[in-house]
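A closer look at the structure
Letter by letter, the chains look like this.
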Amino acid sequence: ERAGVRLRPMQNNDFTGELRRIYAVSRESFTGNFLYTPIGEAEFLAQYEAVRQWVRPELVLLAEQADEAVGFVFGIPDLAQAKRGAPVDTVVLKTVAVRPGRAWAGLGNVLVARCQQAARARGFRRVIHALMHESNNSLNLSGHYAKPFRRYTLFARALDGSS
């Protein structure tokens, strides 16, 4: 707040505009991350359009300074629970991103905390911090709130027959 950063929920009446702001932060924030591959804005928008009906604006928070997005958290109800026909009591914290630089130190933690508070206030009981690589800084954020419950292993094989 002292730096003039304000947090607000996503505005569903400008879904595409909000996604463009999120995309801009994502492109800057994830460059250099393990397995990061940039995609074009059109592809990014199409991916999120596919889940639009399940997006709860209060679980998608944008951090702005002087009307420019500097960070965001994207939470979504657990669609796997819905698909199984179970009551949806879990939010998947899909993405947290903050523009690079010391000026934004601590902002990711604030975004995660506020998203979790919003989820709790709406009756959700759990939050899954999804798909984090062991060397990713966001793992430090999740360590304050959560513990691993599943691990994944990546395998690779050369297609030319070499090992």
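Fair warning: this is a prediction, and the values are worked out from it, not measured in the lab. (Residues numbered from 1 in each chain as written. Predicted model: local features only at pLDDT ≥ 70, side-chain atom pairs only at ≥ 80, totals over all residues. Heavy atoms only, no water.)

1. What to know about the nonpolar core
Core analysis: the biggest nonpolar cluster contains 20 residues, and L19, I22 and F74 have the highest contact counts within it. Only α1 (15-30), α2 (41-49), β2 (60-65), β3 (68-77) and β4 (90-98) provide two or more residues apiece to this core. Other than its neighbours up to four places away in sequence, L19 contacts M10, F44, L45, Y48 and F74. (Core = buried A, V, L, I, M, F, W, Y, C linked by side-chain atoms within 4.5 Å. Buried < 20%, exposed > 50% of the residue type's maximum accessible area, 1.4 Å probe, protein only. Helix = DSSP H or I, 4+ residues; strand = E, 2+ residues; numbered from the N terminus. Contact = heavy atoms within 4.5 Å.)

2. Some words on the confidence of the model for the chain
Across the chain, pLDDT averages 85, with 83% of residues at or above 70. By mean pLDDT, the top-scoring element of the chain is β2 (96), and the lowest-scoring one is helix α5 (residues 138-143) (51). (pLDDT = per-residue confidence, 0-100.)

3. Overview of the pairing of strand β5 (residues 126-129)
Across 4 bridges, β4 lies against β5 in parallel orientation. Bridge pairing in β5 places L93 opposite H129. In this view, the connection linking β4 to its parallel neighbour β5 by way of helix α4 (residues 107-121) has right-handed handedness. (Pairing = 2+ DSSP bridges. Right-handed = clockwise from strand over helix to strand, strands pointing away.)

4. A closer look at α4
The end-to-end C-alpha distance of α4, which contains 15 residues, comes to 21 Å, matching closely the 21 Å that a straight helix rising 1.5 Å per residue would cover. L107, G108, L111, V112, A113, C115, Q116, A118 and A119 are the residues of α4 that are buried. Downstream of α4 by a residue or two, G123 has a phi angle that is positive, lying close to 90°. (Expected span 1.5 Å × (residues − 1).)

5. Details of the pattern of salt bridges
A side chain of one charge can pair with a side chain of the opposite charge if their charged atoms are brought near each other. The full count for this structure, using the stated rule, is 12 salt bridges. D14 is paired through a salt bridge with R21; the nearest N and O atoms lie 2.9 Å apart. Judged by relative accessible area, D14 falls into the partly exposed class, the value being 35%. Relative accessible area serves as the criterion here: at 27%, R21 is assigned to the partly exposed category. Residue E28 is joined to R99 by a salt bridge in which the shortest nitrogen-to-oxygen separation is 1.9 Å. (Salt bridge = Lys/Arg side-chain N within 4 Å of Asp/Glu carboxyl O.)

6. Re the packing of α1 against α2
Angle between the axes and distance between the axes: these two values describe a pair of packed helices. Relative orientation of the contacting elements α1 and α2 amounts to 125°, with a least axis distance of 10 Å. Considering the angle they form, α1 stands oblique to α2. Both α1 and α2 take part in a crossing whose hand is right-handed. Contacts between α1 and α2 involve F15, T16, L19, R20, I22, Y23 and S26 on the former and, on the latter, E41, F44, L45, Y48 and E49. Considering only residue class, the contact of α1 with α2 consists of 7 nonpolar, 2 polar and 3 charged. (Axes fitted to C-alpha atoms, helices over the stretch in contact; angles between N-to-C directions. Parallel < 35°, antiparallel > 145°, perpendicular 65-115°, else oblique. Left-handed = near helix turned anticlockwise from the far one by under 90°. Nonpolar A, V, L, I, M, F, W, Y, C, P; charged D, E, K, R; others polar.)

7. So, unusual backbone geometry
Positioned with a positive phi, A66 is a non-glycine residue whose angle comes to about 50°. With respect to the element layout, A66 can be found in the loop between β2 and β3. Backbone geometry places D67, a non-glycine residue, at a positive phi of 65°. As for its placement among the helices and strands, D67 is situated in the loop between β2 and β3.

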